[in-house]
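# Close look at the chain arrangement
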Amino acid sequence: MGARAARTRDQRSALAYLVVLVLGTAVTVSQGGLASLLLFIAFAQVWMLLESVRLGVVGCAVLAAAVSIGISGRYGFDVAVLAEVVPQMLVTLVFAIGLGLWFHVAMQRAEEHARLLDELRAAQAELARTNHEAGVLAERQRLAREIHDTLAQGFTSVVMQAQAATAALDLGDGGAVRDRLHVMEETARENLAEARGLVAAFAPVPLQDASLPQALGRLTDLFAQDTGLEADFRTVGDGPLPPAIEVVLLRAAQEALANVRRHARARTVAVCLERTADEVVLVVTDDGQGIPPGTADGFGLAGMRDRVRSVGGALEVAPGADGGGTRLCARVPVEARPGVPDEGDAAGGPAQDETQEQGVAR
C-alpha cells in the first residue's frame, strides 16, 4: 500500500498507509526498546508521502504522541515515566519537523530548478529556430541584392547591346555590330565570373585584382562604352579600406550607374571617390531628368541603403547642385560599424516586379 501511494501520489492511499504505520510503530515500541529505531523510518515516510507541510507536521505530531503512549504503556503510564518520555519525544519531534522542512524545501527547489531547466531548454530551442529562420531570410536577401547588383545589371547591358547590334545590322554597319558583339562578350564573361564568385562566396570580381579606385574607374569606363554617355571618374585622397566597405561602395556605384542607364536620360555622369581620415565618400551625379517628388524607394535603392547602413554609413539621394539631375552620396566611416535598419528602410524587396522597379528604383 505504501509503495503504491509513493508511485501514484494518491493521498487517500498514503493516509491509509500512514495510519497503519503509526499504529504499528506505537504497538511495536510498547514491546521493546530497540523498536524505537523504527522512528527514523516512520518520520521519513510521513514527509515522503504527505504533499503539504501542514499535513507533514500533523503526521509527525501524531506519530510522536502515539509512540509516547506506547512507551508509557509498557511501564504502566507512571507519572515519572511520562515526565521522562514526553520531553525526549518533544526533542525528537522538533528534530523530525526541522529535518522534514529542510527536505521539503530542498525538494521544492529541485523541482523548481528542473522546471526552469525545461523552460530554458525550450527557450534555447526556440531561439535556435528563430536564429536559423533569420539567417535563412538574411541570406536570401543578400543573394537577392547580389543578383540584382551584378547579374541582373549585366543581363540588362547585354540586352541593350543586342538591340543596338540589331539596329546596326539593319543599317549594314558591320563594324558597329562587331563592336557591340565584343561588348556583349566582355559583359557576359564578367557576369559569368560574378556568378562563380557569388557561388563561391568570394569578393566581387572587380576587387579581386584591383583596388577600389581602380575598380570604379574601370566601371565608369565600361559604362561610358556601353551607353555612349560622357562619364568621368576622379578620386581624392588615398588609403586602404576594409574589404566590407570596398564591396559596399562598389555595389552602390554599380546600382547608381544602372539607375542612370535605365531612368535618368542623362548626357553626362560623374563618379567621385573621396577618402579622408575619418570617412570615405562616394558621389555619383548626373544631369538627367531627376527623381519625381514623392517617389518611393524601389528594390535597388532600398538594397543600396541597407548595404551602406550595414557598415555604419548613410546614403543620401537628392537633386543635383543646380536643381537638375540626381546626386547620390554614400558616406561610410573608415572603420565599419554595423548599422541598425529602421522600419522606413524595410520598403522594397525581391517580391517587387520589374515594372514597379523601373518607375521608382532611383
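Residues numbered from 1 in each chain as written. Predicted model: local features only at pLDDT ≥ 70, side-chain atom pairs only at ≥ 80, totals over all residues. Heavy atoms only, no water.

Attention now moves to the overall build of the protein. Helix and strand counts for the protein come out as 11 helices and 5 strands. Buried positions account for 37% of the 362 residues belonging to the protein. Counting every atom, the protein has about 20,600 Å² of accessible surface; 61% of that belongs to carbon and sulfur. (Helix = DSSP H or I, 4+ residues; strand = E, 2+ residues; numbered from the N terminus. Buried < 20%, exposed > 50% of the residue type's maximum accessible area, 1.4 Å probe, protein only. Areas by Shrake-Rupley, 256 points an atom, 1.4 Å probe, with all protein chains shown as cover.)

Further remarks concern the sheet that holds strand S4 (residues 314-319). With respect to topology, 5 strands assemble into an open sheet ordered S1-S2-S3-S5-S4, the strand pairing being mixed. Looking at strand neighbours, the two that pair on one side only are strand S1 (230-236) and S4, the edges of this open sheet. Along the sheet, successive strands turn relative to each other by an average axial angle of 10°, direction set aside. Strand direction decides the pairing type here: strand S2 (residues 268-275) and strand S3 (residues 279-286), joined by 7 bridges, are antiparallel. Pairing of Ala270 across the sheet is with Thr285, part of S3. Packed on one face of the sheet, helix H8 (residues 212-227) meets S1, S2 and S3 and runs near 170° to S1. Helix H9 (residues 243-264) contacts S2, S3 and strand S5 (326-333) of the sheet and is inclined by roughly 10° relative to S3. (Pairing = 2+ DSSP bridges. Axes fitted to C-alpha atoms, helices over the stretch in contact; angles between N-to-C directions. Contact = heavy atoms within 4.5 Å.)

As judged from the 6 bridges shared by S4 and S5, these two strands associate in the antiparallel manner. What sits directly across from Pro319, in S5, is Thr326. Once S4 ends, the chain turns through 6 residues before running back antiparallel as S5, passing Gly323 with a positive phi of about 85°.

What follows covers helix H2 (residues 11-29). Residues lying three or four places apart along an α-helix face the same way, a consequence of the helix completing one turn every 3.6 residues. Taking 1.5 Å of rise per residue, the 19 residues of H2 would be expected to cover 27 Å, and the 26 Å separating its terminal C-alpha atoms lies within 8% of that figure. Buried residues of H2: Ser13, Ala14, Leu18, Leu21, Val22, Thr25, Ala26 and Val29, and no others. (Expected span 1.5 Å × (residues − 1).)

What follows deals with the packing of H2 against helix H4 (residues 53-74). Put simply, H2 and H4 touch, their axes get as near as 7 Å, and they point 25° apart. In terms of their interaxial angle, H2 and H4 are classed as roughly parallel. Relative to H4, H2 is oriented so that their crossing is right-handed. On H4, the residues that touch Gln11, Val22, Thr25, Ala26 and Val29 of H2 are Leu55, Val62, Leu63, Ala66, Val67, Gly70, Ile71 and Arg74. (Parallel < 35°, antiparallel > 145°, perpendicular 65-115°, else oblique. Left-handed = near helix turned anticlockwise from the far one by under 90°.)

Taken together, the side chains of Ile69, Phe77, Leu82, Val86 and Leu90 define a hydrophobic patch exposed on the protein surface, amounting to about 450 Å² of accessible area. Looking at the nonpolar patch, the element that brings in the most residues is helix H5 (residues 79-170), giving 3 residues. Summarising the element assignment, Ile69 is placed in helix H4. (Patch = residues over 30% accessible without salt bridge, like charges linked within 9 Å, V, L, I, M, F, W, Y side chains within 5 Å. Salt bridge = Lys/Arg side-chain N within 4 Å of Asp/Glu carboxyl O.)

The topology assignment puts Gln88 in helix H5. Residues Gln88 and Ala64 lie 24 residues apart in sequence; the distance between their C-alpha atoms is 9.9 Å.

Of all hydrophobic cores here, the largest spans 33 residues; its most connected members are Leu212, Leu249 and Leu282. When residues of this core are traced back to their parent elements, those giving at least two are H8, H9, S2, S3, helix H10 (299-310) and S5. If you look at the next biggest cluster of nonpolar residues, it comprises 26 residues, including Ala26, Leu63, Ile71 and Val81. (Core = buried A, V, L, I, M, F, W, Y, C linked by side-chain atoms within 4.5 Å.)

Phi angles above zero are rare outside glycine, and Arg265 is one such case at about 55°. Within the secondary structure, Arg265 sits in the loop between H9 and S2. Overall, the relative accessible area of 73% leaves Arg265 in the exposed class.

Moving on, we get to the pairing of S3. For S3, a buried count of 6 out of 8 residues is recorded, marking the element as mostly surrounded by other parts of the structure. The antiparallel hairpin formed by S2 and S3 contains 3 residues in its connecting segment. Note: S3 against S5, 8 bridges, orientation antiparallel. Bridging across to S5, Glu279 finds its partner in Pro333.

The next thing to look at is the pattern of salt bridges. Overall, the coordinates contain 9 salt bridges when judged by the stated rule. Close ionic contact of Arg115 with Glu112 constitutes a salt bridge, the shortest N to O distance being 2.3 Å. Note that Arg115 and Glu112 are positioned in helix H5 at a spacing of 3 residues, about one turn of the helix. Residue class for Arg115 comes out partly exposed when judged on its relative accessible area of 37%.

Right, let's talk about the packing of H8 against H9 for a bit. With their axes 10 Å apart at the nearest point, H8 and H9 run at an angle of 15° to one another. For the element pair H8 / H9, the angle class is roughly parallel. Relative to H9, the crossing made by H8 is right-handed. Here H8 contributes Leu212, Ala215, Leu216, Leu219, Phe223, Asp226 and Thr227 to the contact with H9, which in turn contributes Glu246, Leu249, Leu250, Ala253, Gln254, Leu257, Val260 and Arg261.

With that settled, consider H9. For H9, which comprises 22 residues, the first-to-last C-alpha distance of 30 Å matches the rise-based estimate of 32 Å (1.5 Å per residue) to within 8%. Among the 22 residues of H9, 18 are classified as buried, and the element is accordingly described as predominantly covered.

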